[in-house]
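Single-letter residue listing:
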Amino acid sequence: MSNGIVNVTLSIPYGFVTSISYGGVNNLLATQNVEKDRGYWDIFWNRTTSKRARKKFLENNFEVIMDTENQAEISFKSTWNASQSDELPLNSDLRFVMLRDTPGFYTYAIVERLEGWPLVYIENLRVVFKLQQDMFHYMAISDERQRIMPMPVDRETGKVLDYKEAVLLTNPTNPNLKGEVDDKYFYASDNKDDRVHGWVSSTNPPVGFWMIIPNDEFRTGGPYKQDLTSHVGPTVLSIFVSRHFAGDDLVIKFQQGEPWKKVIGPVFLYLNSNSSAMDNPIILWDDAKRRMNQEVASWPYDFPVSEEYIKSNQRGMVRGQLLVNDSSMTLVSASNGYIGLAPPGDVGSWQRENKGYQFWTKTDAMGNFTIQNVISDKYNLYATVPGIMGDYKYTFDVQVTPGSSIDLGSLVYNPPRNGATLWEIGVPDRTAAEFFVPTPPPEFNTHVYQNNVESIFRQYGLWEQYSVLYPENDLVYNVGTSNYSKDWFFAHVTRNIGNKTYISTTWKIIFDLEIVDNASNYTLQIALAAAQGAKLQVRFNDEKVVEPHFTTGKIGGDNAIARHGIHGLYFLYSIEVKGNLLVNGTNTIFLTQAIATNPFQGVMYDYLRLEGPHQ
């Protein structure tokens, strides 16, 4: 495929992208790799989550769909049949589109299961590009997160740490990186923040290679779902389905006979070049952001030929205003909240939803919102508001039809609350970022970005620092005198007592109550920002009582502690506290993370609040 600006070569039958020529460079892709390891769509699947998922390249029949002076679109189509009992039961149609006068190309996929097909689990679905490692050294994934990156050989000569993705750079080709840790999870982003990422080459003139994701409607897990972007390789990704920062909850589990169809993408591979970027690669980054804004404004695209891709005239719109009624009699605007339509489910179910489409937007300062370009279907309306605990769900289903314009009027979110606030720890924002994040262990240099910008929580080994700061006695937080930004460790983890042995830890919250109403019930609200193989137990004023007053049971598989995530999936527990468990004067709440077999088990708290007698 060629439009005179960029040339793209693909192989048959898999649709591997084997060559991308642009700006005088014969091939931007990793020619040292075999052809199937340069640019490709792939999928990880299995019939059970108890075994490692199998990688599958989507083998396809090639067809030219359109070839005009303004557009070329080609298809690589695969069809499953029952005789392929050991193959992935999924039809796929991979599309590649090139437009006239456009420095790049688009790719999208139509994936489908027919009724009656066998059970299957899909763990990962993505498109991948691997670039020339001798050319591309500068990576950018946001305004703040840009840097010269290590080389692949630096990982090969480095020291593998507690898991294979994390490598200490012991003898890097760039001496400035010695002592740093490289880990692809450093560069993860929330879906809501990942619109463009990529690399800039060291050639003259420099070339930028950018992945632009113009919309999130086809990605799983909602706006707060985290996933990989770019990392050492140099590798550029767009991940549509994964268990990263979520665990088994985000694996798509198709039951026997369950049909499904979804259009994923298009995403845009954008190329740019500018001789002035030799000493300032941000020039190409800024241009990529401008192009990204154009692509976002053009969504949904009008050029995809497939009838399965829903055009703008087949979509609808939903608008309204969200207000919050919390601790006072006055309604306040739900400003800067995320509000969206997702398949019907329970409160907060959108963060675990993985089969349908989701449509999200931000409210303005007055809580007004307009959700545009919604594919026709039945949805629930969900929202989460910074500074407000919990999740909102609209009472009724929302039925969107082609061309519809639905005005829901003013909606009121009554967040979880049973009584007045007696004390609180943290800020309800679905992350643990406001708590104390330590410096990395001294054997690792701080991981910094361009202009010495430091991503404070994306550092390796932070979990180890709990055992350093609290070698014998656990964290104690005194309400009224302690400061959660200094005195509340960002993750409630296990303690390392040596020889790879770990023990459970119990944190204490000490607070005073002047007068306790023994006949009433109080409420302890605990919002968790993440959990990994943990069991949180809560006891009131008696640490040694055998049965805790509350337990979460075993929860979590998001691995956010090990992967520097600061949040994974959100949990909210409203714990009823009988008044006779509290006393006049000094009280203590004991929080025990009871499972302790490895260093990564634990929870991250988002927010804790003790409420007075139910009102």
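Residues numbered from 1 in each chain as written. Predicted model: local features only at pLDDT ≥ 70, side-chain atom pairs only at ≥ 80, totals over all residues. Heavy atoms only, no water.

You'll find the protein entered in an unreviewed UniProt entry as rhamnogalacturonan endolyase, with Solanum pennellii given as the organism. Check the Catalytic activity (unreviewed entry) section of the UniProt entry for the protein; it says "Endotype eliminative cleavage of L-alpha-rhamnopyranosyl-(1->4)-alpha-D-galactopyranosyluronic acid bonds of rhamnogalacturonan I domains in ramified hairy regions of pectin leaving L-rhamnopyranose at the reducing end and 4-deoxy-4,5-unsaturated D-galactopyranosyluronic acid at the non-reducing end." Looking at the protein in UniProt, the text filed under Sequence similarities (unreviewed entry) is "Belongs to the polysaccharide lyase 4 family." (UniProt positions renumbered as here; feature names shortened; annotations may be inferred.)

A. Just the overall build of the protein, in detail. Within the protein one finds four helices and 42 strands. A burial count over the protein gives 58% of its 615 residues as buried. For the protein, restricting intrachain contacts to residue pairs at least 6 apart in sequence, the fraction spanning at least 24 positions comes to 71%. Counting only carbon and sulfur atoms, one obtains 46% of the accessible surface of the protein, whose full area is about 24,700 Å². (Helix = DSSP H or I, 4+ residues; strand = E, 2+ residues; numbered from the N terminus. Buried < 20%, exposed > 50% of the residue type's maximum accessible area, 1.4 Å probe, protein only. Contact = heavy atoms within 4.5 Å. Areas by Shrake-Rupley, 256 points an atom, 1.4 Å probe, with all protein chains shown as cover.)

B. Quick look at the sheet that holds strand 10 (residues 136–140). Read from one edge to the other, the open sheet built from nine strands follows the order 5-6-7-8-22-17-16-10-11, with strand pairing classed as antiparallel. Only two strands of the sheet have a single partner each, and these edge strands are strand 5 (61–67) and strand 11 (146–148). The average angle at which neighbouring strand axes cross in this sheet is 20°, direction not considered. In terms of strand pairing, strand 7 (residues 91–99) meets strand 8 (residues 104–113) through seven bridges, oriented antiparallel. Note on strand 8: the bridge partner recorded for Leu94 is Ala109. (Pairing = 2+ DSSP bridges. Axes fitted to C-alpha atoms, helices over the stretch in contact; angles between N-to-C directions.)

C. Here's a closer look at the side chain of His492. With respect to the helices and strands, the residue His492 is situated in strand 34 (residues 492–493). According to the relative accessible area criterion, His492 is buried, its value standing at 0%. Looking at His492, its side chain comes within polar contact range of the side chain of Thr505, at 3.1 Å. Discounting chain neighbours no more than four positions away, the residues touching His492 are Thr505, Thr506, Trp507, Leu536, Leu591, Thr592, Gln593, Gln601, Gly602, Val603 and Tyr605. (Polar contact = N/O pair within 3.5 Å; in protein donor to acceptor, adjacent residues only side chain to side chain.)

D. Geometry of the UniProt feature "domain: Rhamnogalacturonan lyase" (unreviewed entry) in the protein. When the UniProt feature table is mapped onto this chain, "domain: Rhamnogalacturonan lyase" (unreviewed entry) is found at residues 336–407 and 421–610. In residues 336–407, the share of helix is 0% and the share of strand is 46%. The end C-alpha atoms are 19 Å apart. Taken end to end, residues 421–610 is 5% helix and 41% strand, and its two terminal C-alpha atoms sit 6 Å from one another.

E. Layout of the pairing of strand 1 (residues 6–10). Taking every second residue as pointing to the same face, the buried face of strand 1 carries Val6, Val8 and Leu10, while none of Asn7 and Thr9 on the other face is buried. Here five bridges tie strand 1 to strand 2 (residues 17–22), and the two strands are oriented antiparallel to one another. Paired with Thr9 across the strands is Ser19, a residue of strand 2. The turn linking strand 1 back onto strand 2 is made up of six residues, and Gly15 within it adopts a positive phi angle of 75°.

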